[in-house]
Amino acid sequence: MKMILAIAYKELLDSLRDKRTMMMVVVLALFGMPFMMIFMSEMTNRIEKQVEKKVILVSGIKNAPQFQNFVERQGYEIKDAPADYEEQLQSKNLIDPVLVIDKDFSDKLAHGERPTVYIVLDVANQDTQTGVRPLKHLMQSFVNEMAVMNLSMRGVSPDILNVVDVQERHLSRTADTGAQLKSVMSMMLMLTMVSAGLYAAIDTSAGERERGSLEPLMMNPVASWTFAIGKWLAVSTLTMLVVIFSVLSIFPSSLLIRNETVKILLQFSGSEMLMMVLVLLPLGFCLSALQIAIAINGKTHKEAQARATLLVVIAPLISMMSMFKQGADPVWFKWIPLISQNQLMTKILNNEVVTTLDMLAPIITCVVLAVLALWYTSDRMRKVLM
Amino acid sequence: MIVVENLSKRFIRPSTKRWSRSKGEVVQAVKNIGFTAEDGKVTGLLGANGAGKTTTLRMIAALLKQDGGQILVDGVAVQAGEQTTQAKMGVLSDARGLYPRLTARENIVYYGVLHGMSRQQAHQRADFLAEALDLKSLLERRCDGFSQGEKMKTALARALVHDPQNIILDEPTNGLDVVATRALREFLRWLRSPEGGSKCIVFSTHIMQEVERLCDDVVVVAHGNTVAQGTVGQLLEQAGETDFEDAFVKLAFESKAQLRGAV
C-alpha cells in the first residue's frame, strides 16, 4: 500500500506540473458548470421571451380585418412583415415566422369557402420554429371563434363543436420540477469526466513510453499491478477533483443565471450535491482505468490521444441511447455505465424509490470494468517493452 | 557477480506490409553469449552496433525473456518480469528516461522509494551521490533542459540510489564530453574499489578507448556471439596485435568469417 501511494503521489505531482493536464482540469472544473448553467438559462430566456412578447408578423393583414380584430382582442400586436421576408428569414434577420394572408381572404370567408393562410418559416432558422406553435394556436382560436359565431347565428348550440370535454390532469410526482434539468446537468458532468483525466492518463502511460522512462521504471523491483494501481489512483484523483470543483462551482454559477425560473429549478441542496459526487465516484474510477488501458498501447502522446478519442466519442453516444429510447427504461440500462448513473441520479432527484439493485448495479459494472482495465494495463506495461 | 551462460534471443520483426498475412521476419539478436562478471571488476561488453549488447543487458535486467541459456545474479536465476534479482541491480539503460517535470532529487528519491527505502534514507543517499557525481548544483532543478551529461549523471545517481552490488550501464558515455567522460570513469573506478563497495560493473560500449582505460575484463561480442573474453592484454595477445582497435576488428570480423565458414 505504501508503494502504491508513493507511485500515486509521484504521478499526481508530475501531472500537476503538466501544463496540458492542468489546463484541462482548470478549464473543465472552473468553467464547465458555469457555462452549462448560463447556456441553459439563456435558452430558457429565449423561449420565454418568444412566448411573452405577443407580437406576430403578418403579410397582408389588411386582407383580413376580422382576423386583425380577433388578434388585437387577444392582446397581440401585429407587425407588417417586410416585403423581402423570405430572404430575411433565410439570412436569419427575422427570428419569427411570418403569417401570409392572401387578398381574397375576406371574400372567401364571406362566401363560406375555406381561405388558405400560410405560416412561412425556414427550417434551418431554428428561432422561427419556436414561434410556429403560438401562431398556429392563435389561428385555431380564430377558426373556433368564427365557427361558434356561425353556429350561434343559425341557432345551433356551440357545444356541438365540443362533443368531448378534454382536460389535462398532471400526475406530477412528489416531484421537484427541476429534477429533469438537474439530471441533464449530471449527464453533462459525466461527459466532463471523460475528458478530465485524459491527458494525465495519457502522460502516465504513453508518455512514459515516449520519453523512455517506462523501461527504467520496469527495472525496479515493483510488480506491474502496483504501478498500474498507483497510476490509476493519481488519474482518478484528478478526475474526481474536477467533479468536486465542478459541483462546488454550481453555487457561484447560480449568481450568473439571469432567468429566475432556471435559477429556482437549479438550486441544489448540499445533500443533492453530495449524492451527485457519490454516484459519480465509481464512474470516475472506472473511466480513469479505461483511459490508462487504452493509452498504454500508444507509443507517443499523439497516438494515445487518437486511441483515447474512441472513449470521448463513445461516451456521448451511450448517453444519447437513453435520450432516444421510448417508454420505460429497459432493465439492461442498469448495467451500462453513464446511463445507469444518470438513471440513478434522476431517481434520487425525483424522490423515487431507489432499489438496492439500482444502487449496486452501476457500482458493480464500474468495479468489474476497472479491474479488467487495470489487469490489462499491468499485463501490457511490461509486454510493450518486449 | 553476474554469470551469463549460452544466452540466446530472437525477435519477430513485424511485416511492413499492412495487410500481409506473413508473421514477419525472424531476427536472431543473440545467438550464444556467455561471460562472467566478477565483483570488484569492471567488465566491458564490447561490440559493434547491432552486435546484441543492449539485448543481453535487457535480459540481465529481467526486462526480456531469453529463449535459451541462463543468467545468475549473485547466484539467483533471472526471470523476466520477476523482481527477485532486480533489487540486486542498478541499471542505467540506453533510454535515460528521466521525468522532465520532476527535479533531479525527486527523480532519485522516487526510485529509492521504489526500492523500498524510506524517503529520509533516499534523500540522504541522493545527497551522497550528488556529492560523488558533482550533481549538487542540479539537485533541486527540474530535469527539463538538462544537457546529455547532466541527464546521464542524474540517471546514474537514480540507478545507484539503493546501493546495488551489481551495476549495469548501457553505453554510459554516449553524448558525453571529455570532462564528463573522465569524471564518470573516475566514479566507476571508485565503485569497483573496496572503498566504493567492490561492485560488479558491466558496461556496454563500442568505444575502444573506454575499454582500454577502464575495463578489467573485456567480452567481445559480434553478431550475437561471444567471440573472445579476457583482459585487454590477453586479447591483444590472442589477436597478435599491439593496437587494441586492430585487435578488436580482427577478433570480431575474423570470428564472423569463421562462423560463416562453420555454417
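Described below are features of the structure shown in this document. (Residues numbered from 1 in each chain as written. Chains lettered and ligands numbered in written order. Predicted model: local features only at pLDDT ≥ 70, side-chain atom pairs only at ≥ 80, totals over all residues.)

**Focus on the overall build of chain A**
Along its length, chain A carries 16 helices and four strands. Against the globule reference of 21 Å for 386 residues, chain A gives a C-alpha radius of gyration of 29 Å, more extended than a compact globule. Every one of the 386 residues in chain A was classed for burial, and the buried ones make up 34%. Within chain A, contacts between residues at least 6 apart in sequence are counted, and of these 75% link residues at least 24 apart. (Helix = DSSP H or I, 4+ residues; strand = E, 2+ residues; numbered from the N terminus. Rg over C-alpha atoms; globule rule 2.2 N^0.38 Å. Buried ≥ 20, exposed ≤ 12 C-beta atoms within 10 Å, placed from the backbone. Contact = placed C-beta atoms within 7 Å.)

**A few points about the nonpolar core**
Among soluble globular proteins, nonpolar side chains are generally buried collectively. If you look at the biggest cluster of nonpolar residues, it comprises 142 residues, and the most contacted ones within it are Met193 and Ala289 of chain A together with Val220 of chain B. Contact partners of Met193 of chain A, with chain neighbours within four places excluded, come to Thr239, Val242, Val243, Leu280, Leu283, Gly284 and Leu287 of chain A. Core analysis: the second largest hydrophobic core is formed by 15 residues, Ala81, Leu94, Val98 and Phe105 of chain A among them. (Core = buried A, V, L, I, M, F, W, Y, C linked by C-beta atoms within 7 Å.)

**Notes on the interface of chain A and chain B**
Across the contact, 19 residues belong to chain A and 22 residues belong to chain B. Mapped onto the side of chain A that touches chain B, the elements with two or more residues apiece are helix 1 (2-16) and helix 9 (214-218) of chain A. The class makeup of the residues in the side of chain A that touches chain B is nine nonpolar, three polar and seven charged. (Nonpolar A, V, L, I, M, F, W, Y, C, P; charged D, E, K, R; others polar.)

**Comments concerning helix 4 (residues 148-160) of chain B**
What sets the pattern is the α-helix's 3.6 residues per turn: residues three or four places apart point alike. Here helix 4 of chain B contains 13 residues, and its C-alpha end-to-end distance of 18 Å stays within 8% of the 18 Å for a straight helix at 1.5 Å per residue. Lys151, Met152, Lys153, Thr154, Ala155, Leu156, Ala157, Arg158, Ala159 and Leu160 of chain B are the residues of helix 4 of chain B that are buried. (Expected span 1.5 Å × (residues − 1).)

**Description of the packing of helix 13 (residues 270-295) of chain A against helix 16 (residues 356-383) of chain A**
All names here are of chain A. For the pair helix 13 and helix 16, interaxial distance at closest approach is 8 Å and the crossing angle is 25°. Judged by the inter-axis angle, helix 13 sits roughly parallel to helix 16. The way helix 13 lies across helix 16 gives a crossing that is left-handed. Within the contact between the two elements, helix 13 uses Pro282, Leu283, Phe285, Cys286, Ala289, Leu290, Ile292 and Ala293 and helix 16 uses Pro362, Ile363, Cys366, Val367, Leu369, Ala370, Ala373, Leu374, Tyr376 and Thr377. (Axes fitted to C-alpha atoms, helices over the stretch in contact; angles between N-to-C directions. Parallel < 35°, antiparallel > 145°, perpendicular 65-115°, else oblique. Left-handed = near helix turned anticlockwise from the far one by under 90°.)

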